[in-house]
Protein chains: 2
Amino acid sequence: MHTLIVGLGSMGLGAAVSCLKAGISTTGFDVNSDALRAFSDQGGHSTADLESIEPVDAVLLFVVNADQADTVLFDSPLMSKFKPNAVVINCVTVAPYRASDISSRIVKAGFGYLDAPVSGGAVKAKNGQISIMGSGEPETFNRVQPILDAISERIFRLGNEPGAGSQMKLINQLLAGVHIAATAEALNLAASLNMDLHEVIDVIQSCAGTSWMFENRGPHIANGDYTPLSTVNIFVKDLSIVIDEAQLQGAVTPLSQTALSLYQNASDNGLGLEDDSAIVKILAAQSGSVLPGGKQ
Amino acid sequence: MHTLIVGLGSMGLGAAVSCLKAGISTTGFDVNSDALRAFSDQGGHSTADLESIEPVDAVLLFVVNADQADTVLFDSPLMSKFKPNAVVINCVTVAPYRASDISSRIVKAGFGYLDAPVSGGAVKAKNGQISIMGSGEPETFNRVQPILDAISERIFRLGNEPGAGSQMKLINQLLAGVHIAATAEALNLAASLNMDLHEVIDVIQSCAGTSWMFENRGPHIANGDYTPLSTVNIFVKDLSIVIDEAQLQGAVTPLSQTALSLYQNASDNGLGLEDDSAIVKILAAQSGSVLPGGKQ
């Protein structure tokens, strides 16, 4: 079963490596030569040329947004390489209506489609331990089960409708985006109070204030290390999708909007490609606080 | 070692029961007769009359705020019942400067003081499994160690200065208060999208969007059960302390302020004594969404 991974960023690379480890024939595609080399270095087959690839049974999409997914699927040679019954597994965070639109065009062309956004971060991706928020036809799921098993620890089947997985991902991104901002706000206040941020993280982890993001991103701030695993710009994009979808439904999202302002401010101030926890630098500048790693 | 618990709300009652279970001679004091009965029903000795109590070695304060702590310590017969070397263990969430002030007056009167705010919620309190964010003299800690061990699973010693424990509690309450609001916002959006809230909670628990508060309070919303364990008004108070302290330090707190507006709005609309997760009803009213349990 030949699998193509489109997009070898931190999540896509992790999924590609997990497929390799599971003995699945895997090709990695990206337009970025560093990304291709990262996969080749781990024994993978990389290419920047979709014309050159062998016929594929499944495509895992790990590009940045719905427009990129659209372009690679419908404005590239990719679909001409699909075997009959090929399945598109869309792991990109997209608005539910975009998932439905892409799905209907893929199905019309005679192929299978799974809405399959993921969660867990770069480390879990590398270890095949992400969670998949999936929706689609049971038969389509079954056809690519070995691939899903290779990249994930948990697979949630959220019904047959494309879009259901994307809805769940939006709920996750709302929480994740607000929690990173809350982590930044809490640790900036702690820095203002001259507290030891490592001690703060150690204590809060045992208390009711903890979150997955606090435990994951807090140490980035305490170490003053903003090497990007997931960037500020990702949350400018994802919280915008959350808020757009909420507005479509008439739902108010005051915290998401406050958090988005912070990510947008950080991006406008040149931090867009740093780790998402770098939003704390904006708070520190506004507060006159000094973070670990010195004045930013 | 005779211990007095002042304030038999959900946390104080839990701590009192934990002391009893550990074989510590314990008296519970409250002005509310239901609270007294709750402790008596579990085999405890309750009283509404501080004049009547036996001399005490330690007092655990579980009242609502710094003013109440002040009143019971300095404007009641309580201190006349202190044995020499008695210790005040202040578990109330207060501003760090209030902790310092109370401490200095207690120490001046010849007694010991521990800054000892707690975290963990009513269930953990009942099981003696809360976390204590403590600060104070090591010798004072040692004198009341059996009591601290009886009520808690983890005791953090955050230095000798009163106020250090309270600073940590503020960081915790900032995160907890924002996370409850994020939980409400996420589940309200999910309700707007006609998603099954129990399924949302089940999935997100395995994803990067999870938090202690999401896992704890999310089910209240999914079940439409707003029986108060901790109330909306508690977070009106605690986030106000957080924001006041941040302003003293010059630190900006945009998410705390957005969350506080929501708690304040809920309190102004008659929800102050419901479970803190009831803030979701304000979001639902603004969104036209229907939550489990029907139109609120």
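Residues take numbers from 1 onward in each chain, read along the sequence in its written order. To read the labels, note that chains go from A and ligands from 1, taken in the order they are written. The model is predicted, so local features are restricted to residues of pLDDT at least 70 and side-chain atom pairs to those at 80 or more, both for listing and for counting; the totals for chains, interfaces and linings are taken over all residues. Hydrogen atoms and water are omitted, and side-chain values are computed over all heavy atoms in the structure.

Draft legend 1. Highlighting the pairing of strand β1 (residues 3–6) of chain B. Residue and element names in this part refer to chain B. The buried label goes to any residue with under 20% of its type's maximum accessible area, the exposed label to any with over 50%, and the partly exposed label to all in between, with areas taken from a 1.4 Å probe on protein chains only. Elements are defined by DSSP. Helices are runs of H or I of four residues or more, strands are runs of E of two residues or more, and each kind is numbered from the N terminus. Side-chain alternation along β1 places Thr3 and Ile5 on one buried face and Leu4 and Val6 on a second face that is also buried. Handedness of the β1-helix α1 (residues 10–21)-strand β2 (residues 26–29) crossover: right-handed. In this structure, β1 lies alongside strand β4 (residues 56–61), joined through 4 bridges in parallel fashion. Bridge pairing links threonine 3 to alanine 58 in β4. Handedness of a crossover is defined as follows: with both strands directed away from the viewer, a clockwise route from the first strand across the helix to the second makes it right-handed. The pairing criterion is simple: DSSP has to find at least two bridges between the two strands.

Draft legend 2. Spotlight on the side chain of lysine 281 of chain A. Within the secondary structure, lysine 281 of chain A is located in helix α13 (residues 280–287). Here the side chain of lysine 281 of chain A touches glutamate 274 of chain A through a polar contact of 2.6 Å, side chain to side chain. Identification of polar contacts relies on pairs of N or O atoms within 3.5 Å, with a donor-acceptor requirement for protein atoms, meaning one able to donate a hydrogen and the other able to accept it, and with residues adjacent in sequence counted only if both atoms are side-chain atoms.

Draft legend 3. View of the pattern of salt bridges. Residue and element names in this part refer to chain B. We define a salt bridge as a side-chain nitrogen of Lys or Arg found within 4 Å of a carboxyl oxygen belonging to Asp or Glu. The full count for this structure, using the stated rule, is 20 salt bridges over all chains. The salt bridge partner of aspartate 70 is arginine 105, with a shortest N-O separation of 3.2 Å. Within this pair, whereas aspartate 70 is found in helix α3 (residues 66–74), its partner arginine 105 is found in helix α4 (residues 96–108), the two being separated by 35 residues in sequence. A relative accessible area of 15% means that aspartate 70 is categorised as buried. On the basis of relative accessible area, arginine 105 is assigned to the partly exposed category, the value being 32%.

Draft legend 4. Structural detail: the sheet that holds strand β5 (residues 82–90) of chain B. All names here are of chain B. On the basis of which strands lie adjacent, the open sheet formed by 6 strands has the order β3-β2-β1-β4-β5-β6 and parallel pairing. For this open sheet the edge positions go to β3 (45–47) and β6 (112–115), each flanked by a neighbour on one side alone. The average angle at which neighbouring strand axes cross in this sheet is 20 degrees, direction not considered. Where β4 lies against β5, 5 bridges are found, and the strand directions are parallel. Axis definition: a line fit to C-alpha positions, over the contact stretch in the case of helices; interaxial angles, taken between N-to-C directions, run 0 to 180 degrees.

Draft legend 5. Spatial organisation of the sheet that holds strand β8 (residues 130–134) of chain A. Residue and element names in this part refer to chain A. Read from one edge of the open sheet, 3 strands run β7-β8-β9, paired in mixed fashion. Looking at the sheet topology across the chains shown, the edges are occupied by β7 (118–119) and β9 (152–157). Examined bridge by bridge, β8 and β9 share 5 bridges and lie parallel to one another. Bridging from a neighbouring strand, serine 131 pairs with arginine 154 of β9.

Draft legend 6. Broad picture of the relation of the copies chain A and chain B. Least-squares fitting of one copy onto the other uses the C-alpha atoms of those residues that reach a pLDDT of at least 70 in both copies. Screw-axis analysis of chain A against chain B gives a translation of 0.0 Å along the axis, an RMSD of 0.0 Å, and a rotation angle of 180 degrees. Here the two chains are linked by the operation of a two-fold rotation axis. Relative to the rotation axis, the closest C-alpha in chain A is found at serine 211 of chain A, a distance of 1.9 Å. Between two residues, a contact is recorded if the distance between any of their heavy atoms is within 4.5 Å. Of the interface residues in chain A, 100% have counterparts in chain B that sit at the interface too, so the contact is made through matching surfaces.

Draft legend 7. Helix α12 (residues 254–271) of chain A, seen in detail. When α12 of chain A is considered as a whole, its buried residues turn out to be Leu255, Ser256, Thr258, Ala259, Leu260, Leu262, Tyr263, Ala266 and Leu271 of chain A. Buried residues along α12 of chain A sit against α8 (164–192), α11 (232–249) and α13 of chain A together with α8 (164–192) and α12 (254–271) of chain B.

Draft legend 8. Layout of the domain arrangement of chain A. All names here are of chain A. If you check the domain split of chain A, you get domain 1 (3–160) and domain 2 (166–287). Note: domain ranges come from an automatic or database domain assignment. The straight-line distance from the C-alpha centre of domain 1 to that of domain 2 is 27 Å. Across the boundary between the two partners, domain 1 contributes 17 residues, which contact 13 residues of domain 2. Simply put, the buried area is the total loss of 1.4 Å probe accessible area from both parts when two parts are fitted together. Roughly 1300 Å² of surface becomes buried between domain 1 and domain 2 when both sides are summed, with 64% attributable to carbon and sulfur atoms. Its largest share of buried area at the contact with domain 2, domain 1 owes to Thr93, Pro96 and Met133, together 40% of the area lost on that side. Taken together, the connections running from domain 1 to domain 2 amount to 0 salt bridges. There are 6 residue pairs in polar contact (both at pLDDT 80 or more) connecting domain 1 and domain 2. Elements with a minimum of two residues in the side of domain 1 that touches domain 2: α4 (96–108) and β7. Broken down by element, the side of domain 1 that touches domain 2 gets its largest block of residues, 3 residues, from α4. Three classes are used: nonpolar for Ala, Val, Leu, Ile, Met, Phe, Trp, Tyr, Cys and Pro, charged for Asp, Glu, Lys and Arg, and polar for all others, with Gly counted as polar. Its residues assigned to classes, the side of domain 1 that touches domain 2 comprises 11 nonpolar, 5 polar and 1 charged.

Draft legend 9. Here's a closer look at the interface of chain A and chain B. With 57 residues of chain A at the interface, the matching set in chain B holds 57 residues. Around 5200 Å² of area is buried between chain A and chain B when both sides are counted, 71% of it from carbon and sulfur atoms. Seen at the junction of chain A and chain B, the total is 0 salt bridges. Applying the counting rule to chain A against chain B returns 19 residue pairs in polar contact (both at pLDDT 80 or more). For the side of chain A that touches chain B, the elements supplying multiple residues, two or more each, are β8, β9, α8, α9 (197–204), α10 (212–223), α11, α12 and α13 of chain A. At 18 residues, the largest contribution of residues to the side of chain A that touches chain B is made by α8 of chain A. Taken together, the residues of the side of chain A that touches chain B sort by class into 32 nonpolar, 20 polar and 5 charged.

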